[in-house]
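# Chain and residue survey
Next come the chains, spelled out residue by residue.
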Amino acid sequence: MNNNFSFSEDIDKISTLSDRIRELENQGMLSKYKAVLEFADCTDIDHALDLTQNLECYDFYPDFSSPEDYGKLALLKTSGLKPNLFL
């Protein structure tokens, strides 16, 4: 988000974002938030603030290293099979 906001205009937003990030860190959700920021190609502070309130809209599996791993889990979930049999 380099140079995408005006310090004087957005100081309240920056403060709010800082508070929300601190809350996410205390909840153990900071890694998920960072992943969502990257996935959503977040480039402005309003979007970053919105994402702090909508993390439940995203699945996060840090142990998966590829889209194929996630695809296997999604397939297993819909089939009713136990994921630990194949992953």
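Residues numbered from 1 in each chain as written. Predicted model: local features only at pLDDT ≥ 70, side-chain atom pairs only at ≥ 80, totals over all residues. Heavy atoms only, no water.

### Topic: the pattern of salt bridges
Using the following cut-off: Whenever a carboxyl oxygen of Asp or Glu lies within 4 Å of a side-chain nitrogen of Lys or Arg, that contact is scored as a salt bridge. Think of it this way: any DSSP run of H or I at least four residues long counts as a helix, any run of E at least two long counts as a strand, and we number them from the N terminus.
Tallied over the full model, the rule gives two salt bridges. Here Asp46 makes a salt bridge to Lys13, at a shortest N to O gap of 2.8 Å. Residue Asp46 is located in helix H3 (residues 45-53), and its partner Lys13 is located in helix H1 (residues 7-26); the two are separated by 33 residues in the primary sequence. Residue Arg22 is joined to Asp19 by a salt bridge in which the shortest nitrogen-to-oxygen separation is 3.1 Å. Residue Arg22 and its partner Asp19 are located together in helix H1, separated by three residues, close to a single helical turn.

### What to know about the packing of aromatic side chains
Here is the rule we go by: In this scheme Phe, Tyr and Trp rings, the latter by its six-membered ring, pair at centre separations within 6.5 Å, and the angle between planes marks the pair as stacked below 30 degrees, edge-to-face above 60, and tilted otherwise. For each residue, the accessible area found with a 1.4 Å probe, counting protein chains only, is set against the maximum for its type, and the residue is called buried under 20%, exposed over 50%, and partly exposed in between.
Applying the stated criterion to the full structure yields one aromatic pair. Plain terms: the ring middles of Phe39 and Tyr58 are 6.2 Å apart, the flat faces sit at 80 degrees to each other, and that makes the pair edge-to-face. With a gap of 19 residues between them, Phe39 in helix H2 (residues 30-39) and Tyr58 in the loop between H3 and helix H4 (67-79) connect regions that are remote in the sequence. Judged by its relative accessible area of 66%, Phe39 falls in the exposed class. On the accessibility criterion, Tyr58 (22% relative accessible area) is partly exposed.

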